[in-house]
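One letter stands for each residue in the lines below.
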Amino acid sequence: MKLNLIFLAGATAIQSQNKLRHTHAHVNSEAQSALADPLTKQRIVVREDVFDQVLDHFDESNTDTLKQRYFRRQFAAGSDEDSPRYALLCCGGEGPPLTKSVLTNSVHCTGDMLEFAASLPENSRVDFYALEHRYYGTSFPDDSVMDGSDKWKYLSSRQAINDVAAFIVGTDSEATWVTFGGSYPGMVAGFSRSKFPDVISASVSNSAPMQAQVEMKEYNDVVARDLADADVGGSKECHDIVSNGHDAIRRILESDSTRDILNLAEQFNFCDPESLLEVNTRHSFAGDGVIYIMAQENDPSCTTEVCDISKLCEFLIAAEGKDGDDDNLNKLAALASLQNGGECVRVNADSDFEYYSSNAAVVSGATSWLYQTCNEFGFYQTCTSDSSCPYAKGFHTLDRDLDLCEKVFNITADEVYANVDASNEFYGGWGIVDPKIIFVNGDVDPWSALAVTEGNPAVSEENFAFWVEGASHHFWTHESLPTDKENVNQAREKIWAKLTDFLTSSSSSSSSSSHDFHRDQFLFEG
């Protein structure tokens, strides 16, 4: 099963300022790059520290903490004590551990956050921060929690947004804070601003699927659309090769002809051809695509072979095939061989449970993200018979994903549905309304189907949302490069201009003053 990482009432446990349970434990005090900051000409210094975070924001009686890693870099020191103070926070999320590069140059918050800082007044004090999400990287509870039967109970976006607010209050309550993020971190950035508007002045929520949904057929519908999109190098011919080729594979796998199935396994270079005789293996092989289509990561400036949709389509159209139904199938086999580097293919659906239960999956963040999909968001990308999915329709159904939730975490299908409904009720989904959140999405990105987007009738016109035509998953948060398309550069400029407007208009408001919080000010339940 493929899970694309994006990623997915009562009182809060943020305590009054003088009662916040936190310390800053110096870990690896200074990391200096060999390069100077191109804007300030100063040598870049990124500090790594640990914030002693409240373990459970919804239980005052629980005094346990977790050591939450964060990074800090001072961009500008300010001219004097009265200089305006800005703190720009890159929110962590699903995936592997953050490194110090998150505050120098990475795909996370460079094009929108780091490069925006040059737009702030010259006399400003500007600090960059990146906060690792609990249960990712090194920010796990201690062994006494993780060895327990309910070790995932403190992992949720609701805990995470309280982490963000507690971190802000405990770090610099005098500064004006802006949160940034792309994909699930974009959800965290936006949700944090929405729930804590007195703490966070504005937010940039990039490529964030704010609408939780158990089954996300739309993901592969967008993939199909991208394959036919001439603006990114796709075409109807390319789309039909992929779609018809997978349909030919589907017919073979449904035929139950042992000879034809084994021939198919040989054609796609299976390490164990007989494994394709297993029904679950067939579904895993064909339901998520026998080739990799980089719709989520499409980069038109890439230079390697079949590295974007345009080059993939060029390869498929030029590839040799045979006349008849097998022509498209053979083209897919040729591309699969190239993408796999000539290595044999191992497909074992039954290994999903073993993988997500392994230490490797925990360290990589895969198990944490799977838990969040089961416990909060869904986002299961199916390929059903009634969809536009370009793969083998009917081979990836929702029961595969729901079954994994129950096997790995003992979360039933009914509970998954209830959890997703609760998330939308709590956060608002498409109904979220906050003019100080900038929602940015690329129209090539499959995750945009569940994002707060311009033109969506379910989205309030009070929100500031816009499309980046021809762009994939938060591509504009990457470092600005000469090869970037004009639409991507314009998106960055639009973000910077809107943020400048937000911060200028709120410079004298209460959101930039000292914060003193008490539990009864908040509206959260565990």
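Enquirer: Outline the layout of surface pockets, supporting the account with residue identities and numerical values.
Expert: Of the volumes computed, that of the largest pocket is approximately 650 Å³. If you trace the largest pocket, you find 32 residues lining it, with S284, F285, D288, G289 and V347 closest to the centre. Contributing elements (two or more residues each) for the lining of the largest pocket: α5 (218-227), α8 (279-287), α10 (326-339) and α11 (351-356). The element contributing the most residues to the lining of the largest pocket is α11, with four residues. Grouping the constituent residues of the lining of the largest pocket by class yields 18 nonpolar, nine polar and five charged.

Enquirer: Any details on the state of the cysteines? Residues and values, ideally.
Expert: Within this structure, the stated rule accounts for six disulfides. The partner cysteine of C383 in its disulfide is C389, sulfur to sulfur 2.1 Å. Taking the torsion about the sulfur-sulfur bond, which here is approximately -100 degrees, the covalent link between C383 and C389 counts as left-handed. Residue class for C389 comes out buried when judged on its relative accessible area of 0%. In the chain, the cysteines engaged in disulfides, taken in order along the sequence, are linked 1-2, 3-7, 4-8, 5-6, 9-12, 10-11.

Enquirer: Hey, could you go over the nonpolar core for me, with residue numbers and the actual values?
Expert: Grouped together as the largest cluster of nonpolar side chains are 111 residues, with contacts concentrated most on W152, I249, L253, L264, F268, F285 and L312. Once residues lying within four places of it in the same chain are set aside, the contact partners of F268 are I249, F285, V290, L329, L332, A333, A336 and V345. Counting residues in each nonpolar core, the second largest holds 38 residues, with A76, C109, F116 and L503 among its members.

Enquirer: Go over empty space enclosed by the protein, please, and point to the residues and values.
Expert: Rolled over the atoms, a probe as big as a water molecule pinpoints where empty space is left. When its volume is computed, the largest cavity comes out at roughly 50 Å³. If you go around the largest cavity, the residues you meet are Q68, C91, G92, L131, E132, H133, A160, D163, V164 and V188. With three residues, the top contributor of residues to the lining of the largest cavity is helix α3 (residues 157-171). Classifying every residue of the lining of the largest cavity gives five nonpolar, three polar and two charged. Volume-wise, the second largest cavity comes out at about 40 Å³. When its residues are assigned to classes, the lining of the second largest cavity shows four nonpolar, five polar and one charged.

Enquirer: Outline the pairing of strand β5 (residues 125-131), listing residues and values.
Expert: With six of seven residues buried, β5 is to be regarded as a mostly interior element. Bridge analysis of strand β4 (residues 85-91) against β5 gives seven bridges, and the strand direction is parallel. Note that in β5 the partner of A87 across the bridge is D127.

Enquirer: Report on a negative patch on the surface, specifying residues and quantitative values.
Expert: On the surface, D64, D142, D143 and D147 cluster together to form a negatively charged patch. Mapped onto the fold, D142 is located in the loop between β5 and α2 (143-146). Overall, D142 belongs to the partly exposed group, its relative accessible area being 45%.

Enquirer: Summarise the pattern of salt bridges; cite the residues concerned and give the values.
Expert: A complete count under the given rule lists 19 salt bridges for this structure. We note a salt bridge from R251 to D247, for which the minimum N-O separation is 2.8 Å. You can see R251 and its partner D247 sitting in helix α6 (residues 236-255), four residues apart, about one turn around the helix. Given a relative accessible area of 36%, R251 falls into the partly exposed group. Taking relative accessible area as the criterion, D247 reaches 27% and is therefore assigned partly exposed. The residue D260 makes a salt bridge to R259 at a minimum N-O spacing of 3.7 Å. With relative accessibility at 28%, the residue D260 sits in the partly exposed group. Here the residues in one salt-bridge network are E48, R69, K100 and E132, joined through shared partners.

Enquirer: Mind laying out the packing of helix α9 (residues 309-318) against α10, listing which residues take part and the relevant values?
Expert: α10 packs onto α9 with a crossing angle of 130 degrees between their chain directions and a minimal axis gap of 9 Å. Relative to α10, the element α9 is oriented oblique. The crossing of α9 and α10 is right-handed. Every residue of α10 that contacts α9 at L312, F315, L316, I317 and A318 is listed here: K331, L332, A334, L335, L338 and Q339.

Enquirer: How would you explain helix α14 (residues 398-409) if you had to name every residue and give the values?
Expert: For α14, built from twelve residues, the straight-helix expectation of 16 Å at 1.5 Å per residue is met to within 8% by its first-to-last C-alpha distance of 17 Å. Of the positions making up α14, those classed as buried are L398, R400, D401, L402, L404, C405, V408 and F409. Those residues of α14 hidden inside the fold are in contact with β8 (213-215), α8, α11, α13 (366-377), β9 (378-380) and α15 (413-427). One or two steps after α14, the chain reaches N410, where phi turns positive at roughly 60 degrees.

Procedures and definitions
Residues numbered from 1 in each chain as written. Predicted model: local features only at pLDDT ≥ 70, side-chain atom pairs only at ≥ 80, totals over all residues. Heavy atoms only, no water. 1 Å grid on protein atoms, 1.4 Å probe; cavity = no way out; pocket = protein on both sides within 12 Å on 5 of 7 lines; lining within 4 Å. Points joined across faces, edges and corners; volume = space filled by probe spheres on them. Helix = DSSP H or I, 4+ residues; strand = E, 2+ residues; numbered from the N terminus. Nonpolar A, V, L, I, M, F, W, Y, C, P; charged D, E, K, R; others polar. Disulfide = S-S within 2.5 Å. Buried < 20%, exposed > 50% of the residue type's maximum accessible area, 1.4 Å probe, protein only. Core = buried A, V, L, I, M, F, W, Y, C linked by side-chain atoms within 4.5 Å. Contact = heavy atoms within 4.5 Å. Pairing = 2+ DSSP bridges. Patch = residues over 30% accessible without salt bridge, like charges linked within 9 Å, V, L, I, M, F, W, Y side chains within 5 Å. Areas by Shrake-Rupley, 256 points an atom, 1.4 Å probe, with all protein chains shown as cover. Salt bridge = Lys/Arg side-chain N within 4 Å of Asp/Glu carboxyl O. Lys, Arg positive; Asp, Glu negative; His and termini not counted. Charge placed at Lys NZ, Arg CZ, Asp CG, Glu CD. Axes fitted to C-alpha atoms, helices over the stretch in contact; angles between N-to-C directions. Parallel < 35°, antiparallel > 145°, perpendicular 65-115°, else oblique. Left-handed = near helix turned anticlockwise from the far one by under 90°. Expected span 1.5 Å × (residues − 1).

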